[in-house]
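Breakdown of the fold
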Amino acid sequence: LSKSIKQREYPVTCPAGQVCKCFVAEATVLECLAGDELVLRNFYDAAVDHATTNHGFHRQCPNPECGHAIDIGLASNRVGLFRTVRCAQCTQEWCSNCWLTGHPGVACDEFKALKEHWMAFL
C-alpha cells in the first residue's frame, strides 16, 4: 500500500494485484497508514492531482505557497466571458482562463501585456 502511494498512484488499487482489481477506500488507507504523515500527505497530494487532471472543474491554486484544490464551479463569479476564481485557503483571486491574478473587465492578453509593462518598469 505504501509503495503505491509513494509512487503517487491514485486511486490506490488493491495490493492483491492480479487477483483483485478494486480500489482501496480512503478509510482503509487512513487505518493502514495512521501515523505515517509523509505517506498520508503523498496520498492526499495524489488525490488532488487526480481531481485536477481528470475533472475540468477542479484546479490547483496557482499560488506557489498555497496549492489548495479549487472547485471552480463553487469558488467563482462570472465576469464577462471568464470567471474570477477565489481560493478558499489563501483568498487570492485568479482568472479562470489565463490563471493570472483576477482582472475583471480587462481581456487576458491586455492584462498580460500590462503586467509585463509594469514588471519591466519595476
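Details of the structure are given in the entry above.
Residues numbered from 1 in each chain as written. Predicted model: local features only at pLDDT ≥ 70, side-chain atom pairs only at ≥ 80, totals over all residues. Heavy atoms only, no water.

Counted by the stated rule, this structure contains one aromatic pair. Where Phe43 meets Tyr44, the ring centres are 5.1 Å apart and the plane angle is 70°; that geometry is what we call edge-to-face. Residue class for Phe43 comes out buried when judged on its relative accessible area of 4%. The class for Tyr44 is partly exposed, based on a relative accessible area of 34%. (Phe/Tyr/Trp six-rings, centres within 6.5 Å; stacked < 30°, edge-to-face > 60°. Buried < 20%, exposed > 50% of the residue type's maximum accessible area, 1.4 Å probe, protein only.)

Let us now look at the environment of Asn42. On the basis of relative accessible area, Asn42 is assigned to the buried category, the value being 17%. With 35 residues separating them in the primary sequence, Asn42 and Gln7 have C-alpha atoms 8.6 Å apart. Contact partners of Asn42, with chain neighbours within four places excluded, come to Ile5, Lys6 and Arg8. (Contact = heavy atoms within 4.5 Å.)

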